[in-house]
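# Descriptive analysis of the structure
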Amino acid sequence: RQISGLISNAKNELIAPADYHAHASSPLERIAADVYPLYEKALQEAGALDFDDLIGKTVALLRHTPEIRDKWRAQFRYVMIDEYQDTNAAQYALIKLLIGAQQNIAVVGDDWQSIYSWRGADFRNILRFEKDYPKSAIIKLEQNYRSTKHILDAAHAIISKNAQRSDKELWTEAGNGMPVQIIPIGNERAEGEAIVRRIKQRLDAGLRNYNDFAVLYRTNAQSRALEEACLHYGVAYRIVGGQRFY
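Everything in this summary refers to the structure shown in the same document. What you see is a predicted model, and the numbers here were worked out from it, not measured in a lab.

## Overview of the overall build of the chain
- Within the chain, the secondary structure is distributed over 11 helices and 2 strands.
- The order of helices and strands in the chain, counted from the N terminus, is α-α-α-α-α-β-α-β-α-α-α-α-α.
- Here the chain has a C-alpha radius of gyration of 24 Å; the compact-globule value for 246 residues is 18 Å, and the former is much larger.
- Taking the principal axes of the C-alpha coordinates as reference, the chain spans close to 70 × 45 × 30 Å.
- Across the 246 residues in the chain, those meeting the buried criterion constitute 28%.
- Roughly 17600 Å² of accessible area belongs to the chain as shown, and the carbon and sulfur atoms make up 53% of that amount.
- On the chain, the mean spot of the 32 positive side-chain charges and the mean spot of the 31 negative ones are 2 Å from each other.

Shown next, in the form of structure tokens:
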């Protein structure tokens, strides 16, 4: 699975099997470099493409066949792209090949919200947009409708340390809200305990109802410690958009 993932990343970077050895730095990457051409040979013999080939082969086709490239440039007079900050190298190349001389392209994105670097997304694509398309107009949507000012200020204080980023300052009409609290926790079990214990205290005191609480976590695997704490303290819960561990 790890080797498959490394080959997938190479395809997203448009690195050919013959060139991958030059990019391999770890023992596992060197093994992947040996497997990559064998894998491509097996695909070719089967007359098959994998998921990453759907874009990679299209990029190669458009690059090397001008008449097909011109046909599809004429087909798509306008190109609109959402979540542009999460495009990878292959997608970036495909977009540039599809945009004709008129450069009728509109994108929506925010380099501050790029979260898919682990699957090849490059936030620098959106930072290069003005250079790639110098006639473009940039419209900043800086009003935030979801968070209070304290939350926006905390997020801005962190993101402002990024060396490469766009300049903007989010604002809200939602008021200051409660200050952000940061609680150091030793491990995931202690984290679940700390969160659910605070919920339980407010419920028992009659200060809040169950519907007043939501716990956000990054990956589904984190639900286990929270569910165990909820069961221990007798706090009813509902998982939204995922599977209950218990």
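## Observations concerning helix α6 (residues 89-98)
- Among the 10 residues that make up α6, 7 are buried, leaving the element largely enclosed by the rest of the structure.
- Those residues of α6 that sit buried are Ala90, Tyr92, Ala93, Leu94, Ile95, Leu97 and Leu98.
- Among the residues of α6, the N-terminal cap falls to Asn88, whose side-chain oxygen and the backbone nitrogen of Ala90 are separated by 3.1 Å.

## Some words on the side chain of Asp52
- Summarising the element assignment, Asp52 is placed in the loop between α3 (27-46) and α4 (53-64).
- The buried charged residue Asp52 lacks any salt bridge partner; its closest oppositely charged side chain belongs to Lys11, at an N-O distance of 6.0 Å.
- With residues up to four places along the chain from it excluded, the contact list for Asp52 reads Ser8, Lys11 and Asn12.

## Topic: the pattern of salt bridges
- Tallied over the full model, the rule gives 14 salt bridges.
- Here Lys41 ties to Glu45 by a salt bridge, and the two come within 2.6 Å at their closest N and O atoms. Separated by 4 residues within a single helix, Lys41 and Glu45 lie in helix α3, roughly one turn from each other.
- With relative accessibility at 48%, the residue Lys41 sits in the partly exposed group.
- Residue classification places Glu45 among the exposed positions, given a relative accessible area of 60%.
- Connected via shared salt-bridge partners are Lys11, Glu40, Asp50 and Asp53.

## Details of a nonpolar patch on the surface
- A contiguous nonpolar surface patch, about 370 Å² in accessible area, is contributed by Leu49, Phe51 and Leu54.
- Tracing the backbone through its elements, the reader meets Leu49 in the loop between α3 and α4.

## Observations regarding the packing of aromatic side chains
- Inspection of the entire model under this criterion finds 5 aromatic pairs.
- Ring geometry for Tyr20 and Tyr36: centres 5.9 Å apart, planes at 85 degrees, overall edge-to-face. Residue Tyr20 is located in helix α2 (residues 20-23), and its partner Tyr36 is located in helix α3; the two are separated by 16 residues in the primary sequence. The residues Tyr20 and Tyr36 share a single accessibility class, namely buried.
- Consider the rings of Tyr116 and Trp118, whose centres lie 5.9 Å apart with planes at 55 degrees: the pair is tilted.

What counts as what
- Going along each chain's sequence as written, the residues are numbered from 1 onward.
- It should be noted that, the model being predicted, local features are given only for residues of pLDDT at least 70 and side-chain atom pairs only at 80 or more, the latter also being counted only at that level, while totals for whole chains, interfaces and linings use all residues.
- Values shown for side chains rest on all heavy atoms present in the structure; no hydrogens or waters enter the calculation.
- Here a helix means four or more residues in a row that DSSP labels H or I, a strand means two or more in a row labelled E, and each is numbered from the N terminus.
- Atoms counted for the radius of gyration: C-alpha only. Globule rule: 2.2 Å times the number of residues to the power 0.38.
- Residue burial is assigned from relative accessible area. The probe radius is 1.4 Å, only protein chains are included, and a residue is buried under 20% of its type maximum, exposed over 50%, and partly exposed in between.
- Note on areas: these come from Shrake-Rupley sampling with a 1.4 Å probe, and a residue is covered only by the protein chains present in the view.
- When charges are counted, Lys and Arg contribute as positive and Asp and Glu as negative, whereas His and the chain ends are disregarded.
- Charge positions come from single atoms, namely NZ of Lys, CZ of Arg, CG of Asp or CD of Glu.
- Identification of polar contacts relies on pairs of N or O atoms within 3.5 Å, with a donor-acceptor requirement for protein atoms, meaning one able to donate a hydrogen and the other able to accept it, and with residues adjacent in sequence counted only if both atoms are side-chain atoms.
- Salt bridges are defined by distance alone: a side-chain nitrogen of Lys or Arg within 4 Å of a carboxyl oxygen of Asp or Glu.
- When checking whether two residues touch, look at their non-hydrogen atoms; a contact exists if any pair is within 4.5 Å.
- Here a patch means residues that are over 30% exposed by relative accessible area and free of salt bridges, tied together within 9 Å if like-charged and within 5 Å if nonpolar (Val, Leu, Ile, Met, Phe, Trp, Tyr).
- Think of it this way: a Phe, Tyr or Trp ring, Trp meaning its six-membered ring, pairs with another when their centres are within 6.5 Å, and the plane angle makes it stacked under 30 degrees, edge-to-face over 60, tilted otherwise.

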